[in-house]
Amino acid sequence: MIELNCKYADSAVIGEENGLNIQQKFNEFKDTIANIISDLNKRKDKPGQWLQWMNLGYSEETVWYVKEYAALVENRFDNILVLGIGGSALGGLAVTEALLKPYWNLLSKEQRNNYPRIFFLDNIDADSITGLLEILDLKKTLVNVITKSGSTAETMSQFMIIKDKLERELGDDYRKNIVATTDKNVGVLKQIAEQEGYKTFIIPDDVGGRFSVFSAVGLLPFALVGIDIDEIINGIKDMDLALKNTDINENIAAQNALIHFLMDTQKGKKISVMMPYSSRLKYVADWYVQLWAESLGKEKNLNGETVHVGPTPVKAVGATDQHSQIQLYNEGPNDKIINFIRVKKFDNDLEIPKIFEYTGIGYLGGKTLNDLMNAEADATRVALSDYNKPTVTITLPEINGYYVGQLLYMFEVQTAIAGALYNIDAFNQPGVEQAKNYTYALMGRVGYEESAHALHEKMAANGVYSV
Ligand code: PA5
């Protein structure tokens, strides 16, 4: 199992002012945490609670349908093109980057074991989309359009451009190159998929975008590029079992949630940095940033009071960001808690040759890059503690589907527990919806005329104009 080490957030190591007496806090919050965990497990099957993500590890039907479709289209496509944004893209990016061979899209077909390349379009930047379309042979591309709401302007505009191009290039056959992942009832994409006859996968009810990585949203693209989804599912299930334990001393998601909550509310650590010491896990940090920000940043609490809570998540990658952000983390304001992710055993290692022995870099000779990577993680952790800066370290035995499944699921449960501690709804996103609605209004969507009028007036008054 993955492990959590919280010693460097303890007052015994970094002092009373910035550290927590962790065991004392675990004892103090023992009952609160036990209640939160049993409550989550009690409510998870109830409609409207947005906790169905806790059941995704047990959805044998989805796994079966995903595998069946992946087998059906095997060897038919050279490329998978995923269209989606936010929760409909970040999980896919995080897991494929972690589990596929590095530089996957640059490998030959044989090096990819005949599996396709994979591209995620998670923005509406015309330059990058044009560039991608110039290199993709659409005839050999399977387009997976993913949107829970079925109407997100970014995803649907990408889709309209690509569907139009596909149809012009392939004629009537274009439908075979599209697979939709969306809600089973609502949304424009659902209607279009039905009318046009696209293969469709369902995002189950009560699974929000940022908690959807283990639904067909993620599992389908993973299976299409040959990732062993059973291994991921096993990781989720084992972690789920471990996190059902209501004893905080045995539950790492509860421990990290409580530490983050108390660091924010009692020690002024309003920033949560996610810093994996592995390039392959860099998008896990992006995924965490969305999960933590969108879930916990809320104006109102569950009693309807205005609270404006939410720690600010920040992405960093070790060792790269030691040469950009660590100066600030060490010597700047003591307002952060840093999560290190450390990998015990990397798939590869490279020995640094014993050359330049009699120079200042001679000491590196004979060591390996993994020695160096982990030494840097340890050194940075200790250096931060010298400055009384709190850190926690999550250790993955290695990077594979089993442990990546565990890691992401652990963060999801941690987020749900943190939401309960902040007493907010971790599963809505009114702030995102607000901006989405304003965009619809500015782009002339029917039904948003009043909003559009008000917006134009506000923008004109402030000297800002849109289209
Ligand atoms: O977590 C969320 O709910 C959001 O980030 C959504 O995933 C994002 O806004 C995309 O929404 P949709 O999947 O409806 O297109």
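Cut-offs and rules
- Residues numbered from 1 in each chain as written.
- Predicted model: local features only at pLDDT ≥ 70, side-chain atom pairs only at ≥ 80, totals over all residues.
- Heavy atoms only, no water.
- Pairing = 2+ DSSP bridges.
- Helix = DSSP H or I, 4+ residues; strand = E, 2+ residues; numbered from the N terminus.
- Axes fitted to C-alpha atoms, helices over the stretch in contact; angles between N-to-C directions.
- Near = heavy atom within 4 Å.
- Polar contact = N/O pair within 3.5 Å; in protein donor to acceptor, adjacent residues only side chain to side chain.
- Areas by Shrake-Rupley, 256 points an atom, 1.4 Å probe, with all protein chains shown as cover.
- Parallel < 35°, antiparallel > 145°, perpendicular 65-115°, else oblique.
- Left-handed = near helix turned anticlockwise from the far one by under 90°.
- Contact = heavy atoms within 4.5 Å.
- Nonpolar A, V, L, I, M, F, W, Y, C, P; charged D, E, K, R; others polar.
- Domains from an automatic or database assignment.
- Buried area = accessible area lost by both parts, 1.4 Å probe.
- Patch = residues over 30% accessible without salt bridge, like charges linked within 9 Å, V, L, I, M, F, W, Y side chains within 5 Å.
- Salt bridge = Lys/Arg side-chain N within 4 Å of Asp/Glu carboxyl O.
- Buried < 20%, exposed > 50% of the residue type's maximum accessible area, 1.4 Å probe, protein only.
- Core = buried A, V, L, I, M, F, W, Y, C linked by side-chain atoms within 4.5 Å.
- Right-handed = clockwise from strand over helix to strand, strands pointing away.

**Looking at the sheet that holds strand β5 (residues 178–183)**
In step 1: Pairing is parallel in the open sheet, where five strands are placed in the order β3-β2-β4-β5-β6. Each edge of the sheet is formed by a strand with only one pairing partner; in this case those strands are β3 (117–121) and β6 (199–203). Direction aside, neighbouring strands of the sheet carry axes that sit 20° apart on average.

**Thoughts on the site of the ligand**
In step 1: Taken together, 14 residues lie near the ligand, and S88, T147, S149, T152 and Q290 sit nearest.
In step 2: Between K148 and the ligand, the recorded distance is 2.8 Å, taken from a backbone N or O atom to an oxygen atom.
In step 3: Separating an oxygen atom of the ligand from a side-chain N or O atom of T152 is a distance of 2.5 Å.
In step 4: Relative to its unbound accessible area of 380 Å², the ligand is 93% covered by the protein chains.

**Quick word on the packing of helix α5 (residues 90–99) against helix α12 (residues 282–296)**
In step 1: For the pair α5 and α12, interaxial distance at closest approach is 7 Å and the crossing angle is 155°. As the angle between them shows, α5 and α12 are arranged roughly antiparallel. α5 and α12 meet at a crossing whose hand is left-handed. Contacts between α5 and α12 pair L90, G91, L93, A94 and E97 from the former with K282, Y283, V284, D286, W287 and Q290 from the latter.
In step 2: Across the contact of α5 with α12, the residue classes tally to six nonpolar, two polar and three charged.

**A word on the domain arrangement of the chain**
In step 1: Examined at the domain level, the chain breaks down into domain 1 (3–43 + 248–422), domain 2 (52–232) and domain 3 (432–461).
In step 2: Measuring from the centre of the C-alpha atoms in domain 1 to the corresponding centre in domain 2 gives 30 Å.
In step 3: Of the residues lining the interface, 26 residues belong to domain 1; the matching set on domain 2 comes to 18 residues.
In step 4: Overall, the association of domain 1 and domain 2 removes approximately 2000 Å² of surface from exposure, summing both partners, and the carbon and sulfur fraction of that is 66%.

**Remarks on a nonpolar patch on the surface**
In step 1: On the surface, I355, F356, I361 and Y363 cluster together into a nonpolar patch covering about 450 Å² of accessible area.
In step 2: Along the chain, I355 turns up in the loop between β11 (336–345) and α14 (369–386).
In step 3: The exposure class assigned to I355 is partly exposed, which follows from its relative accessible area of 47%.

**Quick notes on the pattern of salt bridges**
In step 1: Taken as a whole, this structure holds 22 salt bridges when the rule is applied.
In step 2: Linking E196 and K163 is a salt bridge whose minimum nitrogen-to-oxygen distance equals 4.0 Å. Residue E196 is located in helix α8 (residues 188–196), and its partner K163 is located in helix α7 (residues 153–170); the two are separated by 33 residues in the primary sequence.
In step 3: A salt bridge links R280 to D347, with the shortest nitrogen-to-oxygen separation between them at 3.3 Å.

**Points about the sheet that holds strand β12 (residues 391–398)**
As a general point, the strands of a sheet are linked pairwise by backbone hydrogen bonds and lie either parallel or antiparallel.
In step 1: Sheet architecture is open: five strands sit in the order β1-β12-β11-β7-β10, paired in mixed fashion. Two strands lie at the open edges of the sheet, namely β1 (3–5) and β10 (312–315), each paired on one side alone. Going from strand to strand, the sheet's axes swing by 20° on average, the running direction of each strand aside.
In step 2: Where β11 and β12 come together, seven bridges link them in parallel fashion. Bridge pairing in β12 links I338 to T391.
In step 3: With respect to the sheet, α12 is in contact with β7 (271–276), β10 and β11, its orientation differing from that of β10 by roughly 170°.
In step 4: Strand contacts of helix α15 (residues 401–422): β7, β11 and β12, with the helix running at about 150° to β12, the strand carrying the most contacts.

**Brief notes about the nonpolar core**
In step 1: Ranked by internal contacts, the top residues of the largest apolar core, which has 116 residues, are W53, I259, F411 and I417.
In step 2: Here this core takes 14 residues from α15, the largest share from any one element.
In step 3: Not counting residues up to four positions away in its chain, the partners in contact with W53 are D206, V207, F211, Y409, E412, V413, A416 and F427.
In step 4: Grouped together as the second largest cluster of nonpolar side chains are 22 residues, L133, V145, I162 and Y174 included.

**A word on the pairing of β5**
In step 1: Where burial is concerned, most of β5 is hidden: six out of the six residues are buried.
In step 2: For strand β4 (residues 141–147) and β5, the ladder comprises five bridges, and the chain directions are parallel. By the bridge assignment, T147 is partnered in β5 with T182.
In step 3: Where the polypeptide runs from β4 across α7 and back to β5, its parallel neighbour, the crossover connection is right-handed.
In step 4: Bridging between β5 and β6 involves five bridges; their strand directions are parallel. Paired with T181 across the two strands is F201, which belongs to β6.
In step 5: Between the parallel pair β5 and β6, the chain is carried across by α8, and the sense of this crossover is right-handed.

**Digging into unusual backbone geometry**
In step 1: With an omega dihedral of -5°, the bond running from G318 to A319 counts as a cis peptide bond.
In step 2: Along the chain, the position of A319 falls in the loop between β10 and α13 (326–331).
In step 3: In this model, N75 sits at a positive phi of 70°, which is unusual for a non-glycine residue.
In step 4: Within the secondary structure, N75 sits in the loop between α4 (60–73) and β2 (79–83).
In step 5: The backbone of N113 sits at a positive phi, close to 50°, despite the residue not being glycine.
In step 6: One can find N113 in the loop between α5 and β3.
In step 7: Looking at N113, the relative accessible area reads 58%, which means it is exposed.

**Looking at the pairing of β12**
In step 1: Of all eight residues in β12, seven are buried; the element is thus mostly enclosed.
In step 2: As paired strands, β1 and β12 are joined by three bridges and run antiparallel to one another. The partner of N5 across the bridge, within β12, is T393.
In step 3: The handedness of the β11 to β12 crossover, carried by α14, is right-handed.

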